[in-house]
Amino acid sequence: MVDLILVGFMGSGKTTVGHLLADFIHRPHLDLDQMIVAHSGQSINQIFTEHGERYFRELESKTLASALSEDGVLSTGGGTPVSLTNRQLLHEANIPVVYLKTSPEIILERLQDDHTRPLFRTLDKNRLIELFQERESYYEQSADIQVITDQKTPSEIVHEIKVNIRKMNVARD
Ligand SMILES: Nc1ncnc2c1ncn2[C@@H]1O[C@H](COP(=O)(O)OP(=O)(O)O)[C@@H](O)[C@H]1O
Ligand SMILES: O=C(O)C1=C[C@@H](OP(=O)(O)O)[C@@H](O)[C@H](O)C1
Ligand SMILES: [Mg+2]
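Looking up the protein in an unreviewed UniProt entry gives the name Shikimate kinase, with the organism given as Sporolactobacillus shoreae. The heading Catalytic activity (unreviewed entry) in the UniProt record of the protein holds the text "shikimate + ATP = 3-phosphoshikimate + ADP + H(+)". Here the protein is described in UniProt, under the heading Subunit (unreviewed entry), as follows: "Monomer."

Pasting the structure below:
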């Protein structure tokens, strides 16, 4: 079963932190985008260009449903919790969900030279802030824990997640 799920906006560090955390706790790392690429044989850019965003979202939902029964730490894509179906899947899985919260200014810095995120390339700063605000409540609704990532290294974030999960488990006992 999946141990932990990471959600957050593009560039919040879900892939980076998920990989590091999985290594740290000796579990596999599952990255939804990487699973979609592996299954489809196409890059995220190719899927968006050749089939459109709606088709990508269908693949994303199907891949999420199957990923939840695999073992490891699951990094979602930035758009995953936007769909109600996906939020229900996350909720019903009953697995701790961590929201990596990153401010739009930092996201712009981190992704300024990135060309692998088709949606990001279409956004100017104002539209990025709007999309961030549109999506923020979905991340918040889906998550049990929030970790602010601005000015923190991936290792510091992994440490903070571990401390929070431990507190959550103590509170449950
Ligand atoms: N805490 C961090 N501090 C600085 N750079 C980071 C941090 N987390 C991720 N990055 C960088 O930001 C970019 C996007 O990270 P990534 O893990 O792919 O984000 P996501 O999967 O949430 O879109 C990468 O270049 C990564 O190295
Ligand atoms: O926010 C989004 O809608 C998307 C985020 C991407 O994942 P990351 O959040 O890992 O960049 C990827 O799923 C796709 O480009 C769409
Ligand atoms: Mg990612």
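The UniProt record annotates "binding site: ATP" (unreviewed entry) at Gly-11, Ser-12, Gly-13, Lys-14, Thr-15, Thr-16 and Arg-117. Contact partners of Thr-15, with chain neighbours within four places excluded, come to Asp-31 and Ser-75.

Looking now at the packing of helix H4 (residues 53–67) against helix H5 (residues 84–93). Between H4 and H5, the shortest axis-to-axis distance is 10 Å and the interhelical angle comes to 10 degrees. One way to sum up the angle between H4 and H5 is to call them roughly parallel. Across the interface between the two elements, Ser-61, Leu-64 and Ala-65 of H4 pack against Thr-85, Asn-86 and Leu-89 of H5. For the contact of H4 with H5, a count of residues per class yields 3 nonpolar, 3 polar and no charged.

The next point concerns the site of ligand 1. Taken together, 16 residues are adjacent to ligand 1, and Gly-13, Lys-14, Thr-15, Thr-16 and Arg-110 come closest. Class assignment for the residues of the shell around ligand 1 results in 3 nonpolar, 10 polar and 3 charged.

Around ligand 2, a shell composed of Met-10, Lys-14, Thr-15, Asp-33, Ile-44, Gly-77, Gly-78, Gly-79, Arg-117, Pro-118 and Leu-119 is seen. Elements with a contribution of two residues or more to the shell around ligand 2: helix H1 (14–24) and helix H7 (118–121). For the shell around ligand 2, a count of residues per class yields 4 nonpolar, 4 polar and 3 charged.

To continue, consider the pairing of strand E1 (residues 2–7). As defined by bridge partners, E1 adjoins strand E3 (residues 72–75) across 4 bridges and the pair is classed as parallel. From the neighbouring strand, Val-2 faces E3, where its bridge partner is Gly-72. Across 3 bridges, the pairing between E1 and strand E4 (residues 97–101) is parallel. By the bridge assignment for E4, Ile-5 is matched with Val-97.

Now for the UniProt feature "binding site: Mg(2+)" (unreviewed entry) in the protein. Listed under "binding site: Mg(2+)" (unreviewed entry) in the UniProt record, and renumbered for this structure, are Thr-15. Relative to the helices and strands, Thr-15 resides in helix H1. According to the C-beta neighbour criterion, Thr-15 is partly exposed, with 18 such atoms within 10 Å.

With that settled, consider the sheet that holds strand E5 (residues 145–148). Taken in spatial order, the 5 strands of this open sheet run E2-E3-E1-E4-E5, and their pairing is parallel. Of all the strands in the sheet, just strand E2 (29–31) and E5 have a single pairing partner and so form its edges. Each strand axis lies, on average, 25 degrees off the axis of its neighbour in the sheet, ignoring direction. Along the sheet face, helix H9 (residues 154–172) touches E4 and E5 and points at about 155 degrees away from the line of E5.

Calculation rules
- Residues numbered from 1 in each chain as written.
- Chains lettered and ligands numbered in written order.
- Predicted model: local features only at pLDDT ≥ 70, side-chain atom pairs only at ≥ 80, totals over all residues.
- UniProt positions renumbered as here; feature names shortened; annotations may be inferred.
- Contact = placed C-beta atoms within 7 Å.
- Axes fitted to C-alpha atoms, helices over the stretch in contact; angles between N-to-C directions.
- Helix = DSSP H or I, 4+ residues; strand = E, 2+ residues; numbered from the N terminus.
- Parallel < 35°, antiparallel > 145°, perpendicular 65-115°, else oblique.
- Nonpolar A, V, L, I, M, F, W, Y, C, P; charged D, E, K, R; others polar.
- Near = placed C-beta within 6 Å.
- Pairing = 2+ DSSP bridges.
- Buried ≥ 20, exposed ≤ 12 C-beta atoms within 10 Å, placed from the backbone.

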